2 protein chains.
Amino acid sequence: MSYHITALDELVEQFEKLPGIGHKTAQRLAFYVLGMDLTDAQLFADTMVRAKKTIKRCQVCQNLSDSDTCAICADTTRDKSTICVVEDPRDVFAFERTKEYFGSYHILGGLLSPMDGIGPEQLFIKQLLARLSSGQVKEVIMATPPTVEGEATAMYISRLIKPLGVKVTRLAYGIPVGGTLEYADEVTLYRALEGRNEL
Amino acid sequence: MSYHITALDELVEQFEKLPGIGHKTAQRLAFYVLGMDLTDAQLFADTMVRAKKTIKRCQVCQNLSDSDTCAICADTTRDKSTICVVEDPRDVFAFERTKEYFGSYHILGGLLSPMDGIGPEQLFIKQLLARLSSGQVKEVIMATPPTVEGEATAMYISRLIKPLGVKVTRLAYGIPVGGTLEYADEVTLYRALEGRNEL
């Protein structure tokens, strides 16, 4: 005979759906929620639904936004002639943390991956090309990750863009700042050598 | 200038409150929720509030339950003369998994820890003593963890129970099944030696 509490099992199941959360962790989180005040649990639940309801995609760059046009696209001080193309909204946060990029962004919403059934139609590539048609954009920086999918996506998009006469660039490869040469893989080191600059 | 999305920040903040979830993970989980269908997010939120609302403490053993008396306490086939005293409901799941314990439980809801301001009044010790007053209970197994707090709690409670003429036992210490002697700490090994049994 087993003594399951349905409501608890259901909550564990919900937590288990989250990425990187296994059964044990889901159980721990569920117990934690049960230990919260009802008002706190209610607030958590409401915040989740509210975020989901208020946050949509910016109609220009496809970044997450609580208005039709995101704050970066709406900011007139940002350089609209440069578009940095990234995989997802988290990458925007990463670039913003550098405090050195003042152009705009375009979020692809993923990377090309035929194995997973993700083709150009599943990404916001059409929307990117539409932005280039105004003739205002001078440079597109491909900032997809240095992985097989990231490279393929960057190549694919750059081939679509070049005929439009827009400059397409790619992030530099090289050794990460603070990294040690000893642990750099040979491809990275080769790329760092190849991309060396005069001092 | 920063470009925060309030609803997203709030959701990240809620996830960050969960135990073992740092800022990066909270962000990842929040983004995942934003990627869910609205109905799924709503279901998650509802499940959380429902679990919190329907699950209370069993009035006998203080375990989590969706009814006044939990399924184990309500089960007439379980041996009510033996009570296994544990720290929290997760320990009950652990014992049930052995499929070898057929007595009842009592959940303390924590361990004595004067440093954290947790004294006997914060635990369900009074409720345990009340259960012993019926004279039906023959043995109380102290199954608190083998830590300083767990030991102190077991000692404290056993001293309260012994005068009532009820047998108090403690879980055996020893080497874990499947463990290697090489990595067993000296205290565990000493206890295993001390508690050796004739073959």
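Note that the structure is predicted; figures quoted are calculated from it, not measured.

(A) Focus on the sheet that holds strand S6 (residues 167-170) of chain B. All names here are of chain B. Strand order in the open sheet formed by four strands is S4-S3-S5-S6, with parallel pairing between adjacent strands. Looking along the sheet, the strands with just one partner apiece sit at the ends: strand S4 (103-107) and S6. Between one strand and the next, the sheet's axes are offset by a mean angle of 25°, whatever the strand orientation. Bridge count for strand S5 (residues 139-142) against S6 is four bridges, and the pairing is parallel.

(B) A look at the interface of chain B and chain A. Across the boundary between the two partners, chain B contributes 53 residues, which contact 53 residues of chain A. Overall, the association of chain B and chain A removes approximately 5,200 Å² of surface from exposure, summing both partners, and the carbon and sulfur fraction of that is 73%. Here chain B is connected to chain A by two salt bridges. In this structure, Glu10(B) engages Arg50(A) in a salt bridge whose closest nitrogen and oxygen atoms are separated by 2.8 Å. Linking chain B to chain A there are ten residue pairs in polar contact (both at pLDDT 80 or more). Those elements giving two or more residues to the side of chain B that touches chain A turn out to be helix H1 (6-16), helix H2 (23-35), helix H3 (38-54), strand S2 (64-65), helix H4 (71-74) and helix H5 (89-98) of chain B.

(C) Highlighting the domain arrangement of chain A. Here the domain parsing of chain A yields domain 1 (6-54) and domain 2 (61-198). On a C-alpha basis, the centres of domain 1 of chain A and domain 2 of chain A stand 34 Å from each other.

(D) Layout of the sheet that holds strand S3 (residues 79-86) of chain A. All names here are of chain A. Taken in spatial order, the four strands of this open sheet run S4-S3-S5-S6, and their pairing is parallel. Looking along the sheet, the strands with just one partner apiece sit at the ends: strand S4 (103-107) and strand S6 (167-170). Here the strands of the sheet are splayed against their neighbours by 25° on average, with no regard to which way each runs. Where helix H6 (residues 125-132) meets the sheet, its contacts fall on S3, S4 and strand S5 (139-142), and the angle it forms with S4 comes to roughly 150°. Against the sheet, helix H7 (residues 148-161) touches S5 and S6, its axis set at about 170° to S6.

(E) Looking closely at the environment of Asp79(B). Residue and element names in this part refer to chain B. Along the chain, Asp79 falls in strand S3 (residues 79-86). Separated by 79 residues in the primary sequence, Asp79 and Ser158 place their C-alpha atoms 20 Å from one another. Contacts of Asp79, omitting those with residues within four sequence positions, involve Phe102, Gly103 and Ser104. A polar side-chain atom of Asp79 sits 3.1 Å from a polar atom in the side chain of Thr82.

(F) Structural context of the relation of the copies chain B and chain A. With an RMSD of 0.1 Å, the fit of chain B onto chain A corresponds to turning through 180° and sliding 0.0 Å along the axis. Taken together, the turn and the small shift mark the pair as related by a two-fold rotation axis. In terms of C-alpha distance to the rotation axis, chain B has Ala45(B) as its closest residue, with the C-alpha 2.1 Å off the axis. A symmetric contact is evident, with 100% of the interface residues of chain B recurring at the interface of chain A.

(G) Here's a closer look at the side chain of Glu96(A). Mapped onto the fold, Glu96(A) is located in helix H5 (residues 89-98). A polar atom in the side chain of Glu96(A) sits 2.6 Å from the side chain of Tyr105(A). Setting aside its immediate chain neighbours within four residues, Glu96(A) contacts Ile72(A), Arg78(A), Tyr101(A), Tyr105(A) and Tyr3(B).

(H) Inspection of the UniProt feature "domain: Toprim" (unreviewed entry) in chain A at higher detail. Under the local residue numbering, the UniProt record ascribes the feature "domain: Toprim" (unreviewed entry) to residues 81-176 of chain A. Annotation note: span residues 81-176 of chain A, helix share 33%, strand share 20%, distance between end C-alpha atoms 28 Å.

(I) Molecular detail of H5(B). Looking only at H5(B), the buried set comprises Pro89(B), Val92(B) and Phe95(B). Burial along H5(B) is one-sided: seen end-on, the buried residues are contained in an arc of 105°. Check the buried side of H5(B) and you find it contacts helix H2 (23-35) of chain A together with S2, H4, S3 and S4 of chain B. Looking at where H5(B) begins, the residue whose side-chain oxygen comes 3.0 Å from the main-chain nitrogen of Arg90(B) is Asp88(B). Directly beyond the C-terminal end of H5(B), a positive phi value near 55° is found at Lys99(B).

(J) Local environment of unusual backbone geometry. The residue Lys99(A) is not glycine, and still its phi comes out positive at about 55°. With respect to the element layout, Lys99(A) can be found in the loop between H5 and S4.

(K) Quick peek at the packing of aromatic side chains. Per the counting criterion, the structure on display carries ten aromatic pairs over all chains. Between Phe15(A) and Phe44(B), the ring centres sit 5.2 Å apart and the planes meet at 90°, which makes this aromatic pair edge-to-face. Taken as a pair, Phe15(A) in helix H1 (residues 6-16) and Phe44(B) in helix H3 lie in two separate chains rather than in one. Judged by its relative accessible area of 0%, Phe15(A) is buried.

(L) Main features of the confidence of the model for chain A. Per-residue confidence for chain A averages 91 on the pLDDT scale, and 99% of its residues sit at or above 70. Here the predicted complex scores 0.79 on pTM and 0.80 on ipTM.

Each value, and the rule that gives it
- Position labels on residues start from 1 in each chain and follow its written sequence.
- Working convention: letters from A go to chains and numbers from 1 go to ligands, in the order in which they are written.
- In keeping with the predicted nature of the model, local features appear solely for residues at pLDDT of at least 70, side-chain atom pairs appear and are counted solely at 80 or more, and the whole-chain, interface and lining totals rest on all residues.
- With hydrogens and water excluded, all non-hydrogen atoms of the structure serve as input to the side-chain values.
- At least two DSSP bridges between two strands are required for those strands to pair.
- Secondary structure follows DSSP: runs of H or I at least 4 residues long count as helices, runs of E at least 2 residues long count as strands, and numbering of each begins at the N terminus.
- Lines fitted to the C-alpha atoms define the axes, with helices restricted to the stretch that makes contact. Angles between their N-to-C directions range from 0 to 180 degrees.
- Contacts between residues were defined by any pair of non-hydrogen atoms, one from each residue, lying within 4.5 Å.
- Buried area is a sum: the accessible area each of two parts loses on coming together, probed at 1.4 Å, counted once for each and added.
- Basic side-chain nitrogens of Lys or Arg form a salt bridge, by our definition, when they fall within 4 Å of a carboxyl oxygen of Asp or Glu.
- Residues adjacent in sequence count toward polar contacts only when both atoms are side-chain atoms; beyond that, a polar contact is any pair of N or O atoms within 3.5 Å, and within protein one must be able to donate a hydrogen and the other to accept it.
- Where each domain begins and ends is defined by an automated method or by a domain database.
- Overlaid copies result from least-squares superposition on C-alpha atoms, with residues included only where pLDDT is at least 70 in both.
- UniProt positions are given in the numbering used here, feature names are shortened, and annotations may be inferred rather than shown by experiment.
- Throughout this description, buried means an accessible area under 20% of the type-specific maximum (1.4 Å probe, protein chains only), exposed means over 50%, and partly exposed covers the range between.
- Note that the arc is computed from the directions linking the helix axis to the C-beta atoms.
- The aromatic pairing rule takes the rings of Phe, Tyr and Trp, using the six-membered ring of Trp, and pairs them if the centres are within 6.5 Å, calling planes under 30 degrees apart stacked, those over 60 edge-to-face and the rest tilted.
- Looking at any residue, its pLDDT shows the predictor's confidence there, from 0 to 100.

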